[in-house]
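# Breakdown of the fold
Next come the chains, spelled out residue by residue.
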Amino acid sequence: MAAVQNVGIVGAGAAGLAAAILLADAGIRVEVLEKADAPQTLGSGITLQGNALRVLRQLGVWDQVEAKGYAFSTLGLRAPDPAGTVLAVLEDIRTGGDDLPATMGMYRPDLTAILRERAEQAGARISYGRTVTSITDDDGSVTVGTTDGGTATYDLLIGADGLHSAVRKAIGIDVEPHPTGMGIWRAFVERPAEVVRTDLTYGGPCFIAGYCPTGPDTIYAYLVEKAQERKHEDGPRIMAELAAAYGGPWNEIRANLDHSARINYTWFTTHLVNGPWNRGRTVIIGDAAHSCPPTVAQGAAMALEDAAVLAELLIKADDVTETLFKEFSDRRLDRATAVVNASAQLGQWMLDGVRDADVPGLMHGLSVMLKEPA
């Protein structure tokens, strides 16, 4: 018998839904508490590396993800010149195994919708409009209070509620995300025919100019600059000005910014809970436990891996013990730390203008590690 029979999960994002699927498939009662009033339909693109695809296949949604997304296994590097000169096209390490693409780009709400439908089919219940206000642990169960005045009691509570996790705060972990010094403009636009993979341009008016195809007709394009106060409504103008230095597909992307793009601006942040991710029978995973700049595109992969490892341990164990949580920490903390540190290091090298940084060495070492199952 599994260690738990009744699990609460806070947050209906990738980490929470992945955990819900695996636990519900094992016959465990699962309720997902989501603070939004309804399923979210807005968002930009997401880059899923091979190790994320490996977990999505484990969840039984690979066929749907493959049909909705855009797969590729190379990375292009372009010069910051008016022609957008291609400097190199590199084979990416397939971190999910040789039978999966190296990378998949897709529309983030499509991924969430696929996972949500699969979780509900598995028997998980998703309750909307439920924001956590209190958590009480009595050693044998966890009782959660929510803003609607309701309470619910579970054998275990999983906090998968993102960067500014209410669960993390409620259980007394005072780590918070902090800015790294970079900001990113993202635009969801039509796909130029020339865009068949991610291409990155380093230099020019931005630290990075890049894009990722997300489907047959769409991409998300991004420009990384020094973090500053920006207004979303200025996005089309500012992105067009910054992108003017970049050629190739950027000419078509720039032309589409005004009439069709969904644009947002955020600062890069990072944090890591460097120690046990549980307090009693409450445990945090995904962005609640760790986050990093998207410089190595591993945020979703780390969240999905967290969910898969935690579910595996809960299903095979006989009871919820500190030994279980120690095994979870032993399998996840070093791996997540390596990703957080590498992501932050790449950004810092750019901020500091380091010209001789060993970026290929850092990326290769990280990819080799990530190819090993979590």
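Anything mentioned here points back to the structure above.
What you are looking at is a predicted structure, and each value in this text was computed from that prediction instead of being measured.

This part is about the pairing of strand E10 (residues 142-146). With 4 of its 5 residues buried, E10 lies for the most part within the structure. Pairing geometry for strand E9 (residues 132-137) and E10, over 5 bridges, is antiparallel. In the strand pairing of E10, Asp137 is matched with Val142. Taken together, E9 and the strand that follows it, E10, pair antiparallel across an intervening segment of 4 residues, in which Asp139 is found at a positive phi of about 80°. Sheet analysis places E10 next to strand E11 (residues 151-154), joined by 4 bridges and oriented antiparallel. Each residue of the ladder has a partner; that of Thr143, found in E11, is Thr153. Taking the residues between adjacent antiparallel strands as the criterion, E10 and E11 are bridged by 4 residues, where Gly149 takes a positive phi near 90°.

Let us now look at the packing of helix H8 (residues 299-316) against helix H9 (residues 322-352). Viewed as axis vectors pointing N to C, H8 and H9 meet at an angle of 165°, and their least axial separation amounts to 10 Å. Classed by the angle they form, the pair H8 and H9 counts as roughly antiparallel. The interaxial crossing formed by H8 with H9 has right-handed handedness. Facing Met302, Glu305, Asp306, Val309, Leu310, Glu312, Leu313, Leu314 and Lys316 of H8, the residues of H9 in contact are Leu324, Glu327, Phe328, Arg331, Arg332, Arg335, Ala336 and Val339. Residues that form the contact of H8 with H9 fall into these classes: 9 nonpolar, no polar and 8 charged.

Before going further, it helps to spend a moment on the nonpolar core. Of all hydrophobic cores here, the largest spans 79 residues; its most connected members are Leu48, Leu56, Leu59 and Ile158. Residues contacting Leu48, with those up to four places away along its chain left out, are Leu53, Leu56, Ala102, Thr103, Met104, Met106, Leu111 and Ala300. Among the nonpolar cores identified, the runner-up in size contains 20 residues, and Ala187, Val189, Trp250 and Ile263 belong to it.

Right, let's talk about the state of the cysteines for a bit. Tallied over the full model, the rule gives 0 disulfides. Here Cys206 stays free of any disulfide, with the sulfur of Cys212 as its closest cysteine sulfur at 18 Å. Looking at the unpaired Cys212, the closest cysteine sulfur is the one in Cys292, lying at 16 Å. For Cys212, a relative accessible area of 0% translates into the label buried.

Moving on, we come to unusual backbone geometry. Generally, phi is negative for residues other than glycine and the peptide bonds are trans, each holding for most cases. Although it is not a glycine, Asp139 adopts a positive phi angle of roughly 80°. Along the chain, Asp139 turns up in the loop between E9 and E10. The backbone phi angle of Ala297 is positive, close to 55°, even though this residue is not glycine. Among the structural elements, Ala297 can be located in the loop between strand E20 (290-291) and H8.

Here we take up the packing of helix H2 (residues 50-58) against H8. At their nearest, the axes of H2 and H8 sit 8 Å apart, and the two run at 40° to each other. Accordingly, the angle class assigned to the pair H2 and H8 is oblique. H2 and H8 meet at a crossing whose hand is left-handed. Across the interface between the two elements, Asn51, Ala52, Arg54, Val55, Leu56 and Gln58 from H2 touch Ala301, Met302, Leu304, Glu305 and Ala308 from H8. When the residues that make up the contact of H2 with H8 are grouped by side-chain class, the tally is 7 nonpolar, 2 polar and 2 charged.

On to empty space enclosed by the protein, then. One simple way to see leftover space: roll a probe sized like a water molecule over the atoms. Taken as a whole and assessed by the stated rule, the structure comprises 1 cavity of 30 Å³ or more. Empty space within the largest cavity amounts to approximately 40 Å³. Lining the largest cavity are Asp287, His290, Ser291, Cys292, Gly299, Met302, Ala336, Val339 and Val340. When residues of the lining of the largest cavity are traced back to their parent elements, those giving at least two are E20, H8 and H9. Here the lining of the largest cavity gets 3 residues from one element, more than from any other, and that element is H9. Its residues assigned to classes, the lining of the largest cavity shows 5 nonpolar, 3 polar and 1 charged.

Time to look at the sheet that holds strand E8 (residues 125-128). Taken in spatial order, the 6 strands of this open sheet run E8-E2-E1-E12-E19-E18, and their pairing is mixed. Looking at the sheet topology across the chains shown, the edges are occupied by E8 and strand E18 (278-279).

This part takes up the side chain of Thr95. As for its placement among the helices and strands, Thr95 is situated in the loop between strand E6 (86-91) and strand E7 (103-107). For Thr95, the side chain forms a polar contact with the main-chain nitrogen of Asn51, separated by 3.0 Å. Not counting residues up to four positions away in its chain, the partners in contact with Thr95 are Gln49, Gly50, Asn51, Arg54, Ser367, Leu370 and Lys371.

As a further point, take the sheet that holds E9. If you walk across this open sheet you meet the 3 strands as E9-E10-E11, and the pairing is antiparallel. With one partner strand each, in any of the chains shown, E9 and E11 form the two edges of the open sheet. The average undirected angle you get between the axes of adjacent strands in this sheet is 20°.

Reading the values: the criteria
Residues numbered from 1 in each chain as written. Predicted model: local features only at pLDDT ≥ 70, side-chain atom pairs only at ≥ 80, totals over all residues. Heavy atoms only, no water. Buried < 20%, exposed > 50% of the residue type's maximum accessible area, 1.4 Å probe, protein only. Helix = DSSP H or I, 4+ residues; strand = E, 2+ residues; numbered from the N terminus. Pairing = 2+ DSSP bridges. Axes fitted to C-alpha atoms, helices over the stretch in contact; angles between N-to-C directions. Parallel < 35°, antiparallel > 145°, perpendicular 65-115°, else oblique. Left-handed = near helix turned anticlockwise from the far one by under 90°. Contact = heavy atoms within 4.5 Å. Nonpolar A, V, L, I, M, F, W, Y, C, P; charged D, E, K, R; others polar. Core = buried A, V, L, I, M, F, W, Y, C linked by side-chain atoms within 4.5 Å. Disulfide = S-S within 2.5 Å. 1 Å grid on protein atoms, 1.4 Å probe; cavity = no way out; pocket = protein on both sides within 12 Å on 5 of 7 lines; lining within 4 Å. Points joined across faces, edges and corners; volume = space filled by probe spheres on them. Polar contact = N/O pair within 3.5 Å; in protein donor to acceptor, adjacent residues only side chain to side chain.

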